[in-house]
Amino acid sequence: MTDQPATIATPTTARMIIGGASVDAADGQTFEVTNPATGGVIATAPMGGREDVNRAVAAARKAFEDPKGWSSWSASKRGRTLAKLSSLVKANLEELARLESRNGGKPISGARGETLGVSLVFEYYAGAANKVFGQTIPVSKPGLDITLREPIGVVGLIVPWNFPLLMAAWKLGPALAAGNTCILKPASYTPLTALRLGELALEAGFPPGVLNVVTGPGGTAGASIAAHPEIGKVAFTGETTTGQEIMRLAAGNVKKISLELGGKSPNIVFADADLDKFARESPYAVFDNSGQDCCARSRIFVERSAHEQVVEAFVAATRNVKVGDPEDDATEMGSLVSFRQRDRVAEYIAIGQDEGAALVCGGDAPADPALAAGAYLMPTVFDAVTNEMRIAREEIFGPVVSIIPFDTEEEAIRLANATPYGLSGSVWSRDIGKALRTARALQAGVLSVNSNSSVHTEAPFGGYKMSGIGRELGMSAIDMYTETKNIFIDLS
Ligand code: NAD
């Protein structure tokens, strides 16, 4: 990692990738891409719209329908191409990580970890490509019944700004392994790594049109993808309200949809847990990526007898989280993604104070004048929160955590489930029976016991209730990018 150049040639003019070519928006419009840690402009990108989506769909359709093309390649050959992309991501890790860090304000150490994760996701789906099996089914009629798993066709992948390249990889890996052709639309705040990935895919040997990258606003470029009659599936990660809009837009051609949406995940700590481990590790479960994480453990439910001890230890550990320049290797928390997001989170901090919660740590911008130009906020802890307060109910998507005491196991479960979301969560206890009972009772898709780890490339990831539809990662993701065809053969 360290033998690669520390500086990168940030593109001053980025271009979309459509049909294997580097292109501007059809109408020539562009938008500025900034570094939220400094407020400076780092690039301009094409402001794609409906016409650009149409061009990308035409290119993806052509690539999909090519009788010698991508979807007709052997699954092993598709897998080898994904493996090449995985290697190229690793070979360009430092460049991609710096681009992601500058564009999103995230610490370079975290960006390196995410980029390595991208490479591992492609590696996993490289291996998965030739392991997508059908079945033989013992039906009642005399004959043979088999199923085939086939690609859907052109798929649209719309991703958010919090983990731009990683969210793209979660979708591209299974979509491409299964033989689909793709249109990827990154969020407008963070388009740069997706565009670079489009170039690397061409270098890896993906035929033109297999992976198209269209940049542009959600309301135009994104909505055109969600509504397009020739796109068979849309996969989306982002806010729940945007997901609802995508469902409406996708209804026109009864598109298949998968949605990874918001969260308000609980971290339940019983008095018999390893409280030191909980306090040491849990600040990172909510302040990593400046809290802009759908899995952020933004509600801590603590058994009342351990409340004081947990608050003290958690706050002490929070004060040790190193907030600073994202380019500094030692930084653990950078800026938020934008000034708008910073203001939104600051508003929630004011709401929490108005609601009567006790602000015990953070609440404002860092004191360091070197950080004054960036969209920073300190890690913020509210104690004495009740489940009725807005800070406990709404997804803040920033470095803010609410601590809520409870008396019984039943109460902890009831409070934790009292949310429209159901993405992730953790349970901490040395009593394995209690921990498992609680984990089973929680209405959420991704849980951990005595750990805050939610994401495993090999295991399914996704939400209950209003946190989404479908499961990404692992082999479950392949289901979301394939059609199942049943064929009965009369053998009489
Ligand atoms: P967002 O919903 O504002 O935008 C996500 C993407 O959708 C962007 O590319 C955007 O341009 C596009 N978009 C916006 N409006 C659209 C429309 N009408 N039609 C089609 N596309 C549209 O979300 P965000 O602010 O970028 O990301 C933050 C949200 O993402 C949070 O709510 C977070 O919880 C969620 N998230 C969820 C997961 C998960 O796996 N469940 C992971 C990461 C982020």
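Located above this text is the structure these notes cover.
Residues numbered from 1 in each chain as written. Predicted model: local features only at pLDDT ≥ 70, side-chain atom pairs only at ≥ 80, totals over all residues. Heavy atoms only, no water.

**Student:** Tell me what's going on with the sheet that holds strand S15 (residues 400-406), and back it up with residues and numbers.
**Tutor:** Read across the sheet, 7 strands follow the order S13-S14-S15-S12-S11-S16-S17 without closing on themselves; strand pairing throughout is mixed. Strands at the two margins of the open sheet, each flanked by one partner only, are strand S13 (358-361) and strand S17 (446-449). Geometrically, the sheet is characterised by an average inter-axis angle of 20° between neighbouring strands, direction not taken into account. With 4 bridges connecting them, strand S11 (residues 266-269) and strand S12 (residues 299-303) associate as parallel partners. Opposite Asn267, over in S12, you have Ile300 as the bridge partner. Seen against the sheet, helix H13 (residues 409-417) touches S11, S12 and S15 and runs at an angle of roughly 145° to S15. (Pairing = 2+ DSSP bridges. Helix = DSSP H or I, 4+ residues; strand = E, 2+ residues; numbered from the N terminus. Axes fitted to C-alpha atoms, helices over the stretch in contact; angles between N-to-C directions. Contact = heavy atoms within 4.5 Å.)

**Student:** So what's going on with the site of the ligand? Which residues, and what values?
**Tutor:** In the vicinity of the ligand there are 27 residues, among which Val159, Trp161, Thr242, Leu261 and Glu395 approach most closely. Residue Lys185 places a side-chain N or O atom 2.9 Å away from an oxygen atom belonging to the ligand. Between Glu395 and the ligand, the recorded distance is 2.6 Å, taken from a side-chain N or O atom to an oxygen atom. Of all the secondary structure elements, the ones that give two or more residues to the shell around the ligand are helix H7 (218-227), strand S9 (233-237) and helix H8 (240-250). Of the residues that make up the shell around the ligand, three or more belong to each of domain 1 (12-261 + 468-486) and domain 2 (266-455). (Near = heavy atom within 4 Å. Polar contact = N/O pair within 3.5 Å; in protein donor to acceptor, adjacent residues only side chain to side chain. Domains from an automatic or database assignment.)

**Student:** Mind laying out the packing of helix H2 (residues 75-91) against helix H6 (residues 192-204), listing which residues take part and the relevant values?
**Tutor:** Geometrically, a packed helix pair is captured by the angle between its two axes and the distance between the axes. Packing of H2 against H6 brings their axes to within 9 Å, and their N-to-C directions diverge by 130°. Classified by the angle between their axes, H2 and H6 sit oblique to one another. Helix-helix and strand crossings are classified by hand; for H2 and H6 the assignment is right-handed. Along its contact with H2, which presents Thr81, Lys84, Leu85, Leu88 and Val89, the element H6 presents Leu197, Leu200, Ala201, Glu203 and Ala204. Taken together, the residues of the contact of H2 with H6 sort by class into 7 nonpolar, 1 polar and 2 charged. (Parallel < 35°, antiparallel > 145°, perpendicular 65-115°, else oblique. Left-handed = near helix turned anticlockwise from the far one by under 90°. Nonpolar A, V, L, I, M, F, W, Y, C, P; charged D, E, K, R; others polar.)

**Student:** Quick rundown of the side chain of Ser335? Include the residues and the values.
**Tutor:** Its place among the elements puts Ser335 in the loop between helix H10 (307-319) and helix H11 (339-355). Residue classification places Ser335 among the buried positions, given a relative accessible area of 1%. Once residues within four sequence positions are removed from consideration, Ser335 is found in contact with Pro36, Ala37, Gly104, Gly105, Ser290, Gln292, Pro326, Ala375 and Tyr376. (Buried < 20%, exposed > 50% of the residue type's maximum accessible area, 1.4 Å probe, protein only.)

**Student:** Break down the nonpolar core for me, citing the residues and quoting the values.
**Tutor:** Membership of the largest hydrophobic core comes to 63 residues, with the highest contact counts inside it found for Leu85, Phe122, Tyr125, Leu172, Leu184 and Phe206. The greatest single-element share of this core, amounting to 10 residues, is contributed by helix H5 (residues 164-177). Residue-level mapping places this core at the junction of two domains, with at least three residues from each of domain 1 (12-261 + 468-486) and domain 2 (266-455). When sequence neighbours within four positions are dropped, the list of residues in contact with Leu85 reads Phe122, Leu197, Leu200, Ala201, Ala204 and Phe206. Counting residues in hydrophobic clusters, the runner-up holds 26 residues, among them Phe270, Ile351, Ala357 and Val427. (Core = buried A, V, L, I, M, F, W, Y, C linked by side-chain atoms within 4.5 Å.)

**Student:** Break down H7 for me, citing the residues and quoting the values.
**Tutor:** Owing to its 3.6 residues per turn, the α-helix brings residues three or four apart onto one side. What H7 keeps buried is the set Ala221, Gly222, Ala223, Ser224, Ile225 and Ala226. Elements that come into contact with the buried residues of H7 comprise helix H1 (50-65), strand S6 (154-158), strand S7 (181-185), S9 and H8.

**Student:** Lay out the pattern of salt bridges with the relevant residues and their values.
**Tutor:** Per the stated rule, a full pass over the model turns up 22 salt bridges. Between Arg196 and Glu95 there is a salt bridge whose closest N-O contact spans 2.8 Å. One end of the pair, Arg196, is in helix H6; the other, Glu95, is in helix H3 (residues 93-104), with 101 residues separating them in the sequence. A relative accessible area of 18% places Arg196 in the buried class. Judged by its relative accessible area of 24%, Glu95 falls in the partly exposed class. Several salt bridges share partner residues, and in doing so they unite Glu94, Arg98, Arg102, Arg112, Glu327 and Asp329 into one network. (Salt bridge = Lys/Arg side-chain N within 4 Å of Asp/Glu carboxyl O.)

**Student:** Go over the packing of aromatic side chains, please, and point to the residues and values.
**Tutor:** The tally for this structure, following the rule as stated, stands at 10 aromatic pairs. Ring centres 4.9 Å apart and planes at 70° place the aromatic pair Trp170 and Phe461 in the edge-to-face group. Highlighted residues: Trp170 in helix H5 and Phe461 in the loop between S17 and strand S18 (468-469), separated in sequence by 291 residues. Taken individually, Trp170 and Phe461 each receive the classification buried, so the pair is uniform in this respect. (Phe/Tyr/Trp six-rings, centres within 6.5 Å; stacked < 30°, edge-to-face > 60°.)

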